[in-house]
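# Structural overview for review
Here's the letter readout for the chains.
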Amino acid sequence: MKNENSSRRSFLTKTIAGVTGSVVASSIPVAALAGNQYSNAVLSDESHRFLTQPYLQAPTTNSMTIMWLTNQLCLNWVEYGETEQLGSKAQQSKKGMLNTHTRINCVSLQHLKPNTKYYYKVFSKQIIEFQPYKMTLGETISSELYHFSTLDPKAEEVNWLVMNDIHDRPNSFGDLLKINGDRPFDFVFLNGDMFDYQTNEKQIIDHLLTPCSAFSSTKPLLYVRGNHETRGQFSRDFLNYYYNYNNSEYYTFQWGPVFAIVLDTGEDKPDDHPVYAGSVSFDAYREEQAIWLEQQMKTKAYKNAKFRVVMMHIPHLHSDDWHGTTECKRLFGPLFEKYKIDLFVAGHTHKYGLYEPCEEHSYHFAIGGGPNTGNRTLTRINANTKTLKLEMLKDDGSLIGEFIRPTKR
Ligand SMILES: [Fe+2]
């Protein structure tokens, strides 16, 4: 055993010695700190292994966040570079301490070149024992070689896919990706209710991260919760398994000609409903987002964008009149009109629909379907500097309908 460990150590040393330009990434996502709370559950005799492939989060022109899960607590890092030889190494650090003793691994690569292809591999070195004055390390495992591209700040086009309301049907990811065929896309946006409620980590791996690994090691996965991800005993823990921009559940991003706003619409019932037993405060949370939303809509980037797109789970119109819906309508609806969004994309109703601008809304309005076969949808959005196009496809590959609108700016 001793020899085995020592040969593993020397392999690691060699690997690190071969790496130049090693950097320690700063501004650690909160998600990356989540490992300790699971430590009791995972220390077992199992050999060290990955529970997921790496998955890409929160891409920008000069950064990429990479997450992956392991079955053992570990010290983790990413090796990356512009060639398959890699050459740089990044570890996440906060307040002088590297992100160790975790199984939810998260490293943000910083200071990357825009519009550049990078190759990468993730590494995890098992921590067998973490004593105050003695740390015993075990086996190092490494992933396959993957690649991603940073965003092009001058991009004139963007393509993305939207899926919603999968509701614990992991096969739906593959089924819906299949109908996209080999048409290119830059990222996938998940518009809430991937689950019925949050139970445990295995559910997240089996029903989200593993099926999404068909694309998420090379194309970023962007996420917003629906009302179902806020339910269940693991709903608070679930937040640690993905990383959105600024580690927020509501966020903006700019990609080519599109300025996108993502809102977290919360629960559908009032906060004081008996099923929550006093455990939620989504009214205040939506109010907070409305203030933030208006701030975003006053920015130059928003005003100047060729297209303004809002994505959120519960649609404020063409929906029911439950509390969540009416609150979204009251708080967000007037701002969508005042600041003139171009496209709105939601899910939630389990009844797909495409609605042209009308008296109720001045923008195109899309609601994806789900979760049963025959009612599932894949939404494809393409924007260039002149035209925004949305296509909604049914799970049999047929076209439900499309929007095509020219830019007004
Ligand atoms: Fe929903």
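Heads up: these notes are all about the structure in this document.

Conventions and cut-offs
- Residues numbered from 1 in each chain as written.
- Predicted model: local features only at pLDDT ≥ 70, side-chain atom pairs only at ≥ 80, totals over all residues.
- Heavy atoms only, no water.
- Helix = DSSP H or I, 4+ residues; strand = E, 2+ residues; numbered from the N terminus.
- Buried < 20%, exposed > 50% of the residue type's maximum accessible area, 1.4 Å probe, protein only.
- Areas by Shrake-Rupley, 256 points an atom, 1.4 Å probe, with all protein chains shown as cover.
- Salt bridge = Lys/Arg side-chain N within 4 Å of Asp/Glu carboxyl O.
- Pairing = 2+ DSSP bridges.
- Axes fitted to C-alpha atoms, helices over the stretch in contact; angles between N-to-C directions.
- Contact = heavy atoms within 4.5 Å.
- Phe/Tyr/Trp six-rings, centres within 6.5 Å; stacked < 30°, edge-to-face > 60°.
- Arc of directions from axis to C-beta.
- Parallel < 35°, antiparallel > 145°, perpendicular 65-115°, else oblique.
- Left-handed = near helix turned anticlockwise from the far one by under 90°.
- Nonpolar A, V, L, I, M, F, W, Y, C, P; charged D, E, K, R; others polar.

## Describing the overall build of the chain
Along the backbone of the chain there are nine helices and 21 strands. Out of the 409 residues in the chain, the part that is buried amounts to 56%. Surface accessibility of the chain: about 17500 Å² in total, with carbon and sulfur atoms responsible for 50%.

## Section: the pattern of salt bridges
Following the criterion strictly, the structure yields 20 salt bridges and no others. For the salt bridge of Asp268 with Lys269, the shortest nitrogen-to-oxygen distance reads 3.1 Å. For the pair Asp268 and Lys269, a shared accessibility class is recorded, and that class is buried. Measuring nitrogen to oxygen at the nearest pair gives 4.0 Å for the salt bridge that ties Lys389 to Glu402.

## A word on the sheet that holds strand E20 (residues 387-394)
Sheet strands pair via backbone hydrogen bonds, and the direction of the pair is either parallel or antiparallel. Strand order in this open sheet of six strands is E12-E11-E10-E19-E20-E21, and the pairing throughout is mixed. Lying at the two open borders of the sheet, with one neighbouring strand each, are strand E12 (221-224) and strand E21 (399-406). Each strand of the sheet is rotated relative to its neighbour by a mean of 15°, with strand direction disregarded. Both strand E10 (residues 157-163) and strand E11 (residues 187-191) contribute to a ladder of four bridges, which runs parallel. Note that in E11 the partner of Met163 across the bridge is Leu190.

## Some words on the sheet that holds strand E17 (residues 353-355)
Spatially, E13-E14-E15-E16-E18-E17 is the arrangement adopted by the six strands of the open sheet, whose pairing is mixed. The sheet is open, and its two borders are formed by strand E13 (251-255) and E17, each paired with just one other strand. Mean inter-strand twist for the sheet, computed between neighbouring axes without regard to direction, equals 15°. Strand direction decides the pairing type here: E13 and strand E14 (residues 258-263), joined by five bridges, are antiparallel. In the sheet register, Tyr251 faces E14, and the bridge partner there is Val262. In this fold helix H6 (residues 282-297) packs onto E13 and E14, with an angle of close to 175° to the strand it touches most, E14.

## Digging into the packing of aromatic side chains
Applying the stated rule across the entire model yields 28 aromatic pairs. Centroid distance Tyr363 to Phe365: 6.2 Å. Interplanar angle 20°. Geometry classified as stacked. Of the aromatic side chains, those joined through ring pairs into one cluster are Trp160, Phe187, Tyr245, Tyr251, Phe253 and Trp255.

## Concerning helix H3 (residues 171-180)
Every buried residue of H3 is listed here: Ser172, Phe173, Leu176, Leu177 and Asn180. In a view along the axis of H3, the buried residues occupy a sector of 130°, so they form one face of it. Along H3, exposed side chains directed more than 90 degrees from the buried face belong to Asn171 and Lys178. Next to the buried residues of H3 lie E10, E11, helix H4 (201-212) and strand E19 (377-384). Directly after H3, the chain includes Gly181, whose backbone phi takes a positive value near 65°.

## Here's the deal with the packing of H6 against helix H8 (residues 323-331)
Helices that pack against each other are described as a pair by the angle of their axes relative to one another and the distance between those axes. Closest axis-to-axis distance for the H6/H8 pair is 10 Å, and the angle between their directions is 25°. When the interaxial angle is binned, H6 and H8 end up roughly parallel. The interaxial crossing formed by H6 with H8 has right-handed handedness. Between H6, through Asp283, Arg286, Glu287 and Ala290, and H8, the contact on the second element is made entirely by His323, Gly324, Glu327, Cys328, Arg330 and Leu331. In the contact of H6 with H8, the residues fall into three nonpolar, two polar and five charged.

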